[in-house]
Amino acid sequence: MPIYNAPVQDIQFLLQDVLNVTETGVPGYEDLEADFTSAVLEEAGKVARDVLAPLNLSGDQEGCTLENGVVRTPKGFDKAFAAMKDGGWTALDCDPEYGGQGLPYLMGTAVGEILVSANMAFNMYQGLTHGAYSAIHAHGTDEQKAKYLPKMVSCDWTGTMNLTEPHCGTDLGLMRTKADPQDDGSYAITGQKIFISAGEHDLAENIIHLVLAKAAGGPDGIKGVSLFIVPKFLVNDDGSLGDRNGVTVGSIEHKMGIHGNATCVMNYDGAKGWLLGDLHKGMKAMFTMMNEARLGVGLQGYAVAEAAYQNAVAYANDRLQGRAVTGAENPSGPADPLIVHPDIRRNLMDQKSFVEGARAFTFWGAHLIDRSVRMDDADAEGLISLMTPVIKGFQTDKGFEMAVNAQQVWGGHGYIEENGMSQFVRDARIAQIYEGANGIQSLDLVGRKLAQDGGKHVMAFFEMIKSFIKENSEDERMKPFNDALKAGSKDLQAAAMYFMQNGMKNPNNALSGSYDFMHMMGHVCLGFMWARMAKAAFAAQDAGTGDATFLATKIATGRYYMARHMPATGMHLARIESGAEPVMALAAEAF
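Residues numbered from 1 in each chain as written. Predicted model: local features only at pLDDT ≥ 70, side-chain atom pairs only at ≥ 80, totals over all residues. Heavy atoms only, no water.

**Points about the overall build of the protein**
In step 1: Counting secondary structure elements, the protein contains 19 helices and eleven strands.
In step 2: In terms of overall size, the protein behaves like a compact globule, its C-alpha atoms giving a radius of gyration of 24 Å where 591 residues would be expected to give roughly 25 Å.
In step 3: Here the C-alpha coordinates of the protein stretch approximately 80 × 60 × 55 Å along the principal axes.
In step 4: Within the protein, the proportion of its 591 residues that are buried is 57%.
In step 5: Taking the intrachain contacts of the protein between residues at least 6 apart in sequence as the baseline, contacts between residues at least 24 apart amount to 74%.
In step 6: Computed over 49 positive and 71 negative side-chain charges, the inter-centroid distance for the protein is 4 Å. (Helix = DSSP H or I, 4+ residues; strand = E, 2+ residues; numbered from the N terminus. Rg over C-alpha atoms; globule rule 2.2 N^0.38 Å. Buried < 20%, exposed > 50% of the residue type's maximum accessible area, 1.4 Å probe, protein only. Contact = heavy atoms within 4.5 Å. Lys, Arg positive; Asp, Glu negative; His and termini not counted. Charge placed at Lys NZ, Arg CZ, Asp CG, Glu CD.)

Given below as structure tokens:
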């Protein structure tokens, strides 16, 4: 069975040394002392190792089943879900007014990584609930919040998001689900939604669906969409459960991965729903949930890669195969372990340098969300809006690639299901698709986010990098980090300039290069994170604090990323500057 151990030391380094959480001035961060965060992370690691990880392989093999309109989750999921609820893990960063613990979003993110790495499919039940909670918390009436949130915080009730329909995915303006107003102030919701994660299951008393639908009187397209709260069971005024609502599961999908999570076709037949937020302004409310979900999916990208990496390292140390070209390193044995071979080292270093860089990038994004929410920081809100498609798109692309790399270390044994490496690959694959396929993320980045607020936020990001390099230019140890970061940032600025100069004349010039730009920006963001981590590691070395081996390893891993991955920005720039002609050269019938 695959192993998993929470990377507590690495997470602590980010919180305490890189982000310096207690010194940021963000309300609530003053409580995040090292002893406290360590205790929370260690306990989360135990739950992940002892409760969730043992169910990952069996949950994948067993999957979910539909029986008489009820989805049965894999054996052991119910007890594990109860343990999560009893431990308060579902309420970690929720509002204390509704039963939450009130910790910052950053801590919820750190713990979330550990839970996802241990069992991605299982964690989706509570992860989606958190997203629905956030949407109701931000846009619901006081009555709606009082009625639904306490039970959702405790996960006695879970939540979903219902967007996609059989004939429309990203183009939500084409949706056909209708909402007809009723005399009692509710709406009758009629239509079908597909690909609904955790749409039906046996883990909770009630499921609170957030459903996009069109009500009469709105404009055509996406601007006419509204968002509705549609519970599986109606909720009485005293909070007790009433009649079954007109929402049923039609079927569950048989899919490539995340078998332990039920992906449902949901049928709404005049189901009672209540408007969430303003009429015909549903996307505003839904984006509260989608932006959180996109950061969470970006986290899934590297969290699954982390679990796969740990198993690849263990196998590379145990598996004897061949001899080191420089001489036997295991002379008493029949062969040397795989890890002596340079190509295995390259493979593992690719994984390690990505995962640790992506973790830092995601935590920084969570920190920006905390600044935005807890300090009403508009600049932080703009910056995380810019970064969200990069966190989601780049990290899930690379996360899948690294899961494949980890499988490759295992060779033929990685292709055998019982060893678990195939599951990491299959589970990671969905993260590139749901919550907006990665091509859509790149279009959002180039088509909307770069120009947002007159380009203010991307310019602030460039200035942030420039200032960092200048501030650390006197430290010779930082030169490999500064030089690579400077070159990558220049490539990124050149690509943005190309879009400005050529995109207006021919929008295809920008759209053809958008995917490359997303990856280029991903590399620059991870390079920036590695430079920050290196600075913190050097400072700890100078102070004589921390684990000397850990710090030296961190610096060496960062140098690897800067030397081996940052040069990719030049390749992406060359592709972008080739324009739309090579991409659009063929007529449609020539494919």
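Further notes follow.
**What to know about the packing of helix α1 (residues 8-18) against helix α9 (residues 342-375)**
In step 1: Look at α1 against α9: their axes get within 11 Å of each other, and the N-to-C directions meet at 40 degrees. Here α1 is positioned oblique relative to α9, judged by the angle of their axes. Here α1 runs over α9; the crossing is right-handed. Along its contact with α1, which presents Asp 10, Ile 11, Leu 14 and Leu 15, the element α9 presents Glu 356, Arg 359, Ala 360 and Phe 363.
In step 2: A breakdown of the residues in the contact of α1 with α9 according to their chemical character gives five nonpolar, no polar and three charged. (Axes fitted to C-alpha atoms, helices over the stretch in contact; angles between N-to-C directions. Parallel < 35°, antiparallel > 145°, perpendicular 65-115°, else oblique. Left-handed = near helix turned anticlockwise from the far one by under 90°. Nonpolar A, V, L, I, M, F, W, Y, C, P; charged D, E, K, R; others polar.)

**What to know about the pattern of salt bridges**
In step 1: In this structure the tally under the stated criterion is 29 salt bridges.
In step 2: Notably, a salt bridge pairs Glu 306 with Arg 359, separated by 3.1 Å at the nearest N-O pair. Remark: Arg 359 occurs in helix α9 and Glu 306 occurs in helix α8 (residues 282-318); sequence separation between them is 53 residues. Each of the two residues, Glu 306 as well as Arg 359, counts as buried.
In step 3: The residue Glu 356 makes a salt bridge to Lys 352 at a minimum N-O spacing of 2.6 Å. Taken together, the residues span about one helical turn, with Glu 356 and Lys 352 both in helix α9 at a distance of four residues.
In step 4: Assessed through its relative accessible area of 8%, Glu 356 is described here as buried. (Salt bridge = Lys/Arg side-chain N within 4 Å of Asp/Glu carboxyl O.)

**Digging into the side chain of Ser 442**
In step 1: Residue position: Ser 442 is located in helix α12 (residues 438-449).
In step 2: You can call Ser 442 buried: its relative accessible area is 1%.
In step 3: A polar contact of 2.7 Å, which involves the side chain of Ser 442, links it to the backbone oxygen of Gly 439. (Polar contact = N/O pair within 3.5 Å; in protein donor to acceptor, adjacent residues only side chain to side chain.)

**Quick look at the packing of aromatic side chains**
In step 1: Summed over all chains, the structure comprises 13 aromatic pairs.
In step 2: Aromatic pair Phe 13 and Phe 550: ring centres 5.5 Å apart, planes at 70 degrees, arrangement edge-to-face. Here the residue Phe 13 occupies a position in helix α1, and Phe 550 occupies one in helix α17 (residues 548-564), the gap between them amounting to 537 residues. Per residue, the accessibility class of Phe 13 equals that of Phe 550, and both read buried.
In step 3: Measuring from ring centre to ring centre gives 4.2 Å for Tyr 315 and Trp 410, while their planes differ by 15 degrees; the resulting arrangement is stacked. (Phe/Tyr/Trp six-rings, centres within 6.5 Å; stacked < 30°, edge-to-face > 60°.)

**Let's talk about the environment of Ile 258**
In step 1: Within the secondary structure, Ile 258 sits in the loop between β10 (247-252) and β11 (263-275).
In step 2: Along the chain, Ile 258 and Gly 63 lie 195 residues apart, while their C-alpha atoms are 8.3 Å from each other.
In step 3: Those residues within four positions of Ile 258 in sequence are excluded, and the remaining contacts are Met 120, Ala 121, Met 124, Asp 427, Ile 430 and Tyr 434.

**Notes on the environment of Val 583**
In step 1: By the secondary structure assignment, Val 583 is in helix α19 (residues 581-584).
In step 2: A relative accessible area of 47% places Val 583 in the partly exposed class.
In step 3: Taking C-alpha positions, Val 583 is 9.3 Å from Gly 513, a pair spaced 70 residues apart along the chain.

**Considerations on a negative patch on the surface**
In step 1: A cluster of acidic residues, Glu 30, Asp 31, Glu 33 and Asp 35, forms a negative patch on the protein surface.
In step 2: The topology assignment puts Asp 31 in the loop between α1 and α2 (34-52).
In step 3: The exposure class assigned to Asp 31 is partly exposed, which follows from its relative accessible area of 48%. (Patch = residues over 30% accessible without salt bridge, like charges linked within 9 Å, V, L, I, M, F, W, Y side chains within 5 Å. Areas by Shrake-Rupley, 256 points an atom, 1.4 Å probe, with all protein chains shown as cover.)

**Topic: the packing of α9 against α17**
In step 1: With their axes 9 Å apart at the nearest point, α9 and α17 run at an angle of 100 degrees to one another. In terms of orientation, α9 lies roughly perpendicular with respect to α17. Contacts from Arg 346, Met 349, Asp 350, Lys 352, Ser 353 and Glu 356 in α9 reach Thr 553, Lys 554, Ala 556, Thr 557, Tyr 560, Tyr 561 and Arg 564 in α17.
In step 2: Of the residues contributing to the contact of α9 with α17, the split by class is four nonpolar, three polar and six charged.

**Let's talk about the nonpolar core**
Nonpolar side chains in soluble globular proteins generally cluster together in the buried interior.
In step 1: Among the nonpolar cores identified, the biggest contains 183 residues, and Met 387, Phe 461, Phe 517 and Met 521 are the most heavily contacted of them.
In step 2: Element by element, the count of residues in this core is highest for α8, at 18 residues.
In step 3: Setting aside chain neighbours within four positions, we find Phe 461 in contact with Trp 364, Leu 383, Met 387, Leu 492, Met 521, Val 524, Cys 525 and Phe 528. (Core = buried A, V, L, I, M, F, W, Y, C linked by side-chain atoms within 4.5 Å.)

**Comments concerning helix α6 (residues 120-139)**
In step 1: The first and last C-alpha atoms of α6 sit 28 Å apart over 20 residues, in line with the 28 Å expected at 1.5 Å per residue.
In step 2: At Gln 126, α6 shows its largest bend, some 25 degrees.
In step 3: Among the 20 residues of α6, 16 are classified as buried, and the element is accordingly described as predominantly covered. (Expected span 1.5 Å × (residues − 1). Bend = angle between axes of the 7 residues up to and from the residue.)

**Here we look at the environment of Val 265**
In step 1: Position of Val 265 among the secondary structure elements: in strand β11.
In step 2: Taking relative accessible area as the criterion, Val 265 reaches 10% and is therefore assigned buried.
In step 3: When residues no more than four places from it in sequence are discounted, the contact partners of Val 265 are Gln 192, Lys 193, Ile 194, Thr 248, Val 249, Gly 250, Ser 251 and Glu 253.

**Some remarks on unusual backbone geometry**
In step 1: Although it is not a glycine, His 280 adopts a positive phi angle of roughly 65 degrees.
In step 2: Tracing the backbone shows His 280 in the loop between β11 and α8.
In step 3: Look at His 280 and you get buried, because its relative accessible area is 16%.
In step 4: Positioned with a positive phi, Asp 453 is a non-glycine residue whose angle comes to about 55 degrees.
In step 5: One can find Asp 453 in the loop between α12 and α13 (456-471).
In step 6: On the accessibility criterion, Asp 453 (53% relative accessible area) is exposed.

**Quick word on helix α5 (residues 105-118)**
In step 1: The terminal C-alpha atoms of α5 lie 20 Å apart, and with 14 residues this matches the ideal 20 Å at 1.5 Å per residue to within 8%.
In step 2: Among the 14 residues of α5, 13 are classified as buried, and the element is accordingly described as predominantly covered.

**Structural notes on the pairing of strand β6 (residues 206-215)**
In step 1: Of all ten residues making up β6, ten are buried, and the element is well covered by its neighbours.
In step 2: Of the two faces of β6, the one lined by Asn 206, Ile 208, Leu 210, Leu 212 and Lys 214 and the one lined by Ile 207, His 209, Val 211, Ala 213 and Ala 215 are each fully buried.
In step 3: Here six bridges tie strand β3 (residues 157-162) to β6, and the two strands are oriented parallel to one another. Residue pairing for β6: Gly 159 is matched across the bridge by Ile 208. (Pairing = 2+ DSSP bridges.)

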